[in-house]
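Okay, here's what each chain looks like letter by letter:
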Amino acid sequence: MPSYFHIAELVPPSIYERFGDQRSWNFVNRRAYKNLVKIRQYVGKPFIINNYRDGGQREWSGFRTPESPYFSPTSQHSIANAYDIICSGLTPHELQEVVQTHYAKFNIGGVELAPTWTHIDWRFNPNGELTVFHLT
Ligand SMILES: [Zn+2]
(Lines give C-alpha, C1' and ligand atoms only; values in the text may rest on other atoms or scores of the structure.)
Protein backbone atom coordinates (compact mmCIF):
# COMPACT_ATOMS: atom_id res chain seq x y z
CA MET A 1 0.00 0.00 0.00
CA PRO A 2 1.54 3.36 -0.97
CA SER A 3 2.26 5.77 1.89
CA TYR A 4 0.69 8.99 0.67
CA PHE A 5 0.20 10.37 4.18
CA HIS A 6 2.48 11.16 7.07
CA ILE A 7 0.84 10.22 10.36
CA ALA A 8 0.84 13.90 11.42
CA GLU A 9 -1.60 14.56 8.58
CA LEU A 10 -4.13 12.25 10.24
CA VAL A 11 -3.93 13.22 13.94
CA PRO A 12 -3.72 16.58 15.76
CA PRO A 13 -0.46 18.02 17.15
CA SER A 14 -1.24 17.01 20.75
CA ILE A 15 -1.48 13.35 19.73
CA TYR A 16 1.50 13.46 17.41
CA GLU A 17 3.74 15.20 19.95
CA ARG A 18 2.78 12.77 22.69
CA PHE A 19 2.76 9.49 20.78
CA GLY A 20 5.17 10.10 17.90
CA ASP A 21 5.57 8.41 14.54
CA GLN A 22 4.66 4.92 15.73
CA ARG A 23 2.00 4.99 18.43
CA SER A 24 0.02 7.82 16.81
CA TRP A 25 -1.22 5.18 14.38
CA ASN A 26 -3.33 3.86 17.28
CA PHE A 27 -5.60 6.84 16.56
CA VAL A 28 -6.20 5.87 12.94
CA ASN A 29 -9.08 3.65 11.91
CA ARG A 30 -7.69 0.88 9.71
CA ARG A 31 -10.71 0.62 7.41
CA ALA A 32 -11.03 4.38 6.93
CA TYR A 33 -7.31 4.74 6.27
CA LYS A 34 -7.10 1.91 3.74
CA ASN A 35 -9.99 3.38 1.81
CA LEU A 36 -8.56 6.90 2.08
CA VAL A 37 -5.39 5.59 0.42
CA LYS A 38 -7.47 3.87 -2.27
CA ILE A 39 -9.39 7.00 -3.21
CA ARG A 40 -6.17 9.06 -3.12
CA GLN A 41 -4.62 6.55 -5.52
CA TYR A 42 -7.70 6.64 -7.75
CA VAL A 43 -7.79 10.45 -7.90
CA GLY A 44 -4.05 10.64 -8.55
CA LYS A 45 -3.59 14.14 -7.10
CA PRO A 46 -2.28 15.31 -3.71
CA PHE A 47 -4.68 15.37 -0.75
CA ILE A 48 -4.09 17.94 1.98
CA ILE A 49 -5.51 16.89 5.37
CA ASN A 50 -3.63 18.28 8.40
CA ASN A 51 -0.69 20.42 7.30
CA TYR A 52 0.65 21.76 10.63
CA ARG A 53 3.83 19.71 10.27
CA ASP A 54 4.61 21.70 7.13
CA GLY A 55 3.79 25.03 8.77
CA GLY A 56 0.12 25.15 7.73
CA GLN A 57 -2.95 25.99 9.79
CA ARG A 58 -4.88 22.73 9.53
CA GLU A 59 -4.76 20.67 12.75
CA TRP A 60 -8.21 19.15 13.12
CA SER A 61 -8.95 17.65 9.70
CA GLY A 62 -8.52 14.06 10.85
CA PHE A 63 -8.99 12.58 14.32
CA ARG A 64 -10.38 15.11 16.84
CA THR A 65 -10.02 15.08 20.60
CA PRO A 66 -12.34 17.00 22.96
CA GLU A 67 -9.85 19.90 23.06
CA SER A 68 -10.68 20.70 19.43
CA PRO A 69 -12.82 23.82 18.87
CA TYR A 70 -14.67 21.69 16.30
CA PHE A 71 -15.21 18.73 18.61
CA SER A 72 -18.60 17.08 18.64
CA PRO A 73 -19.17 13.78 20.41
CA THR A 74 -21.33 12.59 17.52
CA SER A 75 -18.87 13.55 14.76
CA GLN A 76 -17.20 10.79 12.77
CA HIS A 77 -13.95 12.73 13.37
CA SER A 78 -14.25 11.84 17.07
CA ILE A 79 -13.95 8.13 16.28
CA ALA A 80 -11.11 8.53 13.74
CA ASN A 81 -13.55 7.75 10.98
CA ALA A 82 -13.50 10.99 8.92
CA TYR A 83 -11.11 13.23 7.00
CA ASP A 84 -11.54 16.74 5.65
CA ILE A 85 -9.65 16.89 2.37
CA ILE A 86 -8.43 19.64 0.10
CA CYS A 87 -7.31 18.15 -3.20
CA SER A 88 -4.63 19.95 -5.18
CA GLY A 89 -5.94 19.85 -8.74
CA LEU A 90 -9.63 19.23 -8.08
CA THR A 91 -12.14 21.73 -6.71
CA PRO A 92 -14.11 20.64 -3.65
CA HIS A 93 -17.11 20.23 -5.94
CA GLU A 94 -15.17 17.99 -8.33
CA LEU A 95 -13.90 15.77 -5.51
CA GLN A 96 -17.40 15.58 -4.05
CA GLU A 97 -18.64 14.39 -7.44
CA VAL A 98 -15.97 11.67 -7.51
CA VAL A 99 -17.13 10.56 -4.05
CA GLN A 100 -20.81 10.56 -4.97
CA THR A 101 -20.12 8.50 -8.10
CA HIS A 102 -17.64 6.00 -6.64
CA TYR A 103 -18.45 5.83 -2.91
CA ALA A 104 -19.21 2.12 -3.00
CA LYS A 105 -15.75 1.31 -4.42
CA PHE A 106 -14.15 3.00 -1.40
CA ASN A 107 -16.73 1.96 1.21
CA ILE A 108 -17.47 5.64 1.93
CA GLY A 109 -20.53 6.21 4.14
CA GLY A 110 -20.80 10.00 4.26
CA VAL A 111 -19.78 13.09 2.33
CA GLU A 112 -20.23 16.71 3.30
CA LEU A 113 -20.70 19.25 0.55
CA ALA A 114 -18.59 21.97 2.16
CA PRO A 115 -17.50 25.00 0.14
CA THR A 116 -13.73 24.79 0.57
CA TRP A 117 -13.03 21.18 1.53
CA THR A 118 -14.50 17.70 1.17
CA HIS A 119 -15.44 15.76 4.29
CA ILE A 120 -15.43 12.00 3.75
CA ASP A 121 -16.34 9.47 6.43
CA TRP A 122 -16.82 5.76 6.80
CA ARG A 123 -19.99 5.70 8.89
CA PHE A 124 -22.00 2.50 8.63
CA ASN A 125 -25.18 2.74 6.61
CA PRO A 126 -26.89 -0.65 6.76
CA ASN A 127 -28.63 0.09 3.45
CA GLY A 128 -25.29 0.70 1.73
CA GLU A 129 -26.26 4.22 0.70
CA LEU A 130 -24.15 7.37 0.90
CA THR A 131 -25.20 10.01 3.44
CA VAL A 132 -24.85 13.41 1.76
CA PHE A 133 -25.04 16.46 3.98
CA HIS A 134 -24.32 20.16 3.86
CA LEU A 135 -22.36 22.33 6.24
CA THR A 136 -24.79 23.67 8.82
ZN1 LIG B 1 -15.27 16.71 8.51
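Since we're looking at a predicted model, the values are computed, not measured.

Each value, and the rule that gives it
- Residues numbered from 1 in each chain as written.
- Predicted model: local features only at pLDDT ≥ 70, side-chain atom pairs only at ≥ 80, totals over all residues.
- Heavy atoms only, no water.
- Axes fitted to C-alpha atoms, helices over the stretch in contact; angles between N-to-C directions.
- Helix = DSSP H or I, 4+ residues; strand = E, 2+ residues; numbered from the N terminus.
- Left-handed = near helix turned anticlockwise from the far one by under 90°.
- Contact = heavy atoms within 4.5 Å.
- Nonpolar A, V, L, I, M, F, W, Y, C, P; charged D, E, K, R; others polar.
- Donors = N, O, S within 2.8 Å, 3.2 Å for Na, K, Ca; no water.
- Buried < 20%, exposed > 50% of the residue type's maximum accessible area, 1.4 Å probe, protein only.
- Phe/Tyr/Trp six-rings, centres within 6.5 Å; stacked < 30°, edge-to-face > 60°.
- Lys NZ or Arg CZ within 6 Å of the ring centre and 35° of its normal.

A. The packing of helix α2 (residues 30-43) against helix α3 (residues 92-102), seen in detail. At a minimum axis distance of 12 Å, the contact between α2 and α3 shows a crossing angle of 115°. In the packing of α2 onto α3, the handedness of the crossing is right-handed. Along its contact with α2, which presents Ile39, Tyr42 and Val43, the element α3 presents Leu95, Val98, Val99 and His102. A breakdown of the residues in the contact of α2 with α3 according to their chemical character gives six nonpolar, one polar and no charged.

B. Highlighting the coordination of the zinc ion. Coordination of the zinc ion by the protein involves His77 (NE2), Asp84 (OD) and His119 (ND1), with metal-donor separations of 2.0 to 2.1 Å. Here the donor residues of the zinc ion are spaced in sequence according to H-x6-D-x34-H. Take His77 and Asp84: they sit in the same class, and that class is buried.

C. Just the packing of aromatic side chains, in detail. Under the criterion given, the structure shown has seven aromatic pairs. Considering the side-chain rings of Trp25 and Tyr33, the 5.1 Å spacing of their centres and the 75° angle between planes classify their relative orientation as edge-to-face. Classification of Trp25 by relative accessible area gives partly exposed; the value is 30%. Every member of this aromatic cluster is reached through a ring pair, and the members are Tyr4, Phe5 and Phe47. The lysine or arginine in question, Arg40, covers the ring of Tyr4, its NZ or CZ lying 4.1 Å from the ring centre.

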